Every structure is written in structure tokens, then in C-alpha cells.
Amino acid sequence: MSSCWCIKPFNLHPTIPSSSSSSSSSSSHSHLRGTLFLQPPPSLALTQINNYKNLNFQFHPKQRKPTSTIIRCSSGLTPQLKSTLDKVVTSNKVVLFMKGTKDFPQCGFSNTVVQILKSLNVPFETINILENELLRQGLKEYSSWPTFPQLYIDGEFFGGCDITVEAYQKGELQEQLEKAMLS
């Protein structure tokens with residue numbers, strides 16, 4: 001029988017036995033975080049996996065990264081990105097910012113909007129927001145809409161998946177797209 005490895009993130013808790021014998025030292029280590037590697041001895045049967053006295057506990061503390069390497073931006077929408085987004089949404093009649101592409105959607109909501117647009121035989125462009133985190137964050141601010149997909153028709157933000165589905169069911173999406181194709 002081969003031995004198995006289980007990797008579980010955890011916080012040390014005073015109820016988990018520590019290597020020191022005093023009870024005060026176990027609470028002093030409760031701030032440690034890391035990964036607990038459990039390796040049962042090869043002779044241990046699967047039914048005995050919860051018998052902790054037969055397991056080898058190895059604690060590997062997480063390495064903390066220096067805080068000086070963390071860079072955070074207060075705004076995802078730079079003037080350059082705003083200008084680029086303006087050009088993209090105005091140069092295409094229908095643009096869908098989505099997770100994945102129209103040929104390979106990577107999100108159910110994105111796929112739903114793609115299928116609606118395909119069923120209407122509307123030419124549209126897609127931009128995969130998963131390829132660029134700055135684009136993804138900037139778009140949220142650009143449209144004042146926190147989720148994806150985001151549909152733009154004739155240079156204007158139309159909505160996300162729920163709004164698109166509702167407008168499609170009411171026939172409003174078809175009207176909006178016809179106007180855009182004629183302009």
C-alpha cells in the first residue's frame with residue numbers, strides 16, 4: 001500500500017498538540033500560519049486515517065514577503081487606458097469584454113451573452129479580460145460596473161449578463177442592435 005500526502009492550510013490552534021510541553025507555549029504559537037503535511041506510515045489502513053497518534057506532523061511556516069515589494073494602485077483606470085478603451089468601444093459597433101473568447105468562453109455568464117449575440121447573427125468583437133489584470137480593473141471603473149461580461153453597443157455601455165438576457169427576452173436588445181447596425 002502506498003502512502004498518501006494530504007496538504008491542508010491551517011492556523012495553529014491551542015487544541016493542536018505542539019512540540020513543547022507547557023500549555024502556555026502552545027497559545028504563544030497560535031499566531032503561526034502555514035501548511036500541515038500529513039503522511040501516514042505505509043502500514044496505516046485507510047480506516048485508521050483519523051488516528052492522529054500514528055501520523056507524522058510536519059509544520060512548514062509560510063515565508064513572508066517583504067512589504068516593500070507590494071505595489072498597489074489607487075486607480076485601475078489610467079488616462080492612457082481610458083483613451084484606449086474609448087477607441088475600442090467607438091471603433092466597433094458591438095464589443096463584449098468577457099472572460100475568454102467568443103470561441104472559448106471561460107465563464108458561464110460570458111458564454112450566455114456570446115450565445116445570445118451569435119443567435120442574433122450580429123458581428124461583434126470580444127476582448128479577453130483574463131489576459132490583462134490592469135484592463136480588468138480599469139474596465140470596472142470605466143463602466144462603473146463591477147462584474148463581467150460587459151457589453152458595449154454603439155460606443156455605450158449596455159450592461160452585463162442579466163441585463164442582456166432580460167433585454168433579449170423583451171426584444172429590446174434586438175432593437176438596440178438594429179439601430180447600431182444602421183448608424
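Here the structure is a predicted model, which means the values were calculated and not measured.

Undergrad: I'd like a description of helix α4 (residues 133-143), backed by residues and values.
TA: What α4 keeps buried is the set Leu 135, Gly 138, Leu 139 and Ser 143. The buried side chains of α4 occupy one side of the element, clustering within an arc of 115 degrees when seen end-on. Considering only its buried residues, α4 is in contact with α2 (79-91), β4 (94-98), β5 (125-128), β6 (150-153) and β7 (156-159). Capping the start of α4 is the job of one residue whose side-chain oxygen sits 2.9 Å from the backbone nitrogen of Leu 134: Asn 132. Ser 144, located one to two residues past α4, shows a positive phi value of around 60 degrees.

Undergrad: Could you give an account of the pattern of salt bridges, with specific residues and numbers?
TA: Summed over the entire model, instances satisfying the criterion amount to two salt bridges. Notably, a salt bridge pairs Asp 86 with Lys 82, separated by 3.1 Å at the nearest N-O pair. Separated by four residues within a single helix, Asp 86 and Lys 82 lie in helix α2, roughly one turn from each other. Overall, Asp 86 belongs to the partly exposed group, its relative accessible area being 28%. Here Lys 170 ties to Glu 166 by a salt bridge, and the two come within 3.1 Å at their closest N and O atoms. Highlighted residues: Lys 170 and Glu 166, both in helix α5 (residues 161-170), separated by four residues, approximately one helical turn.

Undergrad: Summarise the confidence of the model for the chain; cite the residues concerned and give the values.
TA: The pLDDT averaged across the chain works out to 74; a share of 59% of its residues lies at or above 70. Highest mean pLDDT in the chain belongs to β6 (98); lowest belongs to helix α1 (residues 23-28) (40). Note on residues 1-60: pLDDT is under 50 here. Beyond four places in sequence and across chains, it has 67 contacts. Within the model, the stretch residues 67-74 combines pLDDT values under 50 with zero contacts to residues more than four positions away or in other chains.

Undergrad: Requested: an account of the nonpolar core, with residues and values cited.
TA: Generally speaking, a soluble globular protein has its nonpolar side chains buried in company with each other. Counting residues in hydrophobic clusters, the biggest one holds 17 residues, and the most contacted among them are Val 94, Leu 96, Leu 117, Leu 151, Ile 153, Leu 173 and Leu 177. Elements supplying a minimum of two residues to this core: β4, α3 (108-119), β6, α5 and α6 (172-182). The element best represented in this core is α3, accounting for four residues. Leaving out residues up to four positions away in the same chain, Ile 153 has contacts with Lys 93, Phe 158, Leu 173, Gln 176, Leu 177 and Ala 180. Counting residues in hydrophobic clusters, the runner-up holds 11 residues, among them Val 95, Phe 97, Leu 135 and Phe 148.

Undergrad: Quick rundown of the pairing of β6? Include the residues and the values.
TA: Of the two faces of β6, the one carrying Gln 150 and Tyr 152 and the one carrying Leu 151 and Ile 153 are both buried. Pairing geometry for β4 and β6, over four bridges, is antiparallel. Counted as the bridge partner of Val 94 is Ile 153 from β6. By the bridge criterion, three bridges tie β6 to β7 in an arrangement that is antiparallel.

Undergrad: Before we move on, can you summarise the pairing of β4 with the specific residues and values?
TA: Within β4, five of the five residues are buried, leaving the element largely enclosed by the surrounding structure. Residues of β4 alternate between two faces, with Val 94, Leu 96 and Met 98 on one and Val 95 and Phe 97 on the opposite face, all of them buried. By the bridge criterion, four bridges tie β4 to β5 in an arrangement that is parallel. Each residue of the ladder has a partner; that of Met 98, found in β5, is Asn 128. In this view, the connection linking β4 to its parallel neighbour β5 by way of α3 has right-handed handedness.

Rules behind the numbers
Residues numbered from 1 in each chain as written. Predicted model: local features only at pLDDT ≥ 70, side-chain atom pairs only at ≥ 80, totals over all residues. Heavy atoms only, no water. Buried < 20%, exposed > 50% of the residue type's maximum accessible area, 1.4 Å probe, protein only. Helix = DSSP H or I, 4+ residues; strand = E, 2+ residues; numbered from the N terminus. Arc of directions from axis to C-beta. Contact = heavy atoms within 4.5 Å. Polar contact = N/O pair within 3.5 Å; in protein donor to acceptor, adjacent residues only side chain to side chain. Salt bridge = Lys/Arg side-chain N within 4 Å of Asp/Glu carboxyl O. pLDDT = per-residue confidence, 0-100. Core = buried A, V, L, I, M, F, W, Y, C linked by side-chain atoms within 4.5 Å. Pairing = 2+ DSSP bridges. Right-handed = clockwise from strand over helix to strand, strands pointing away.

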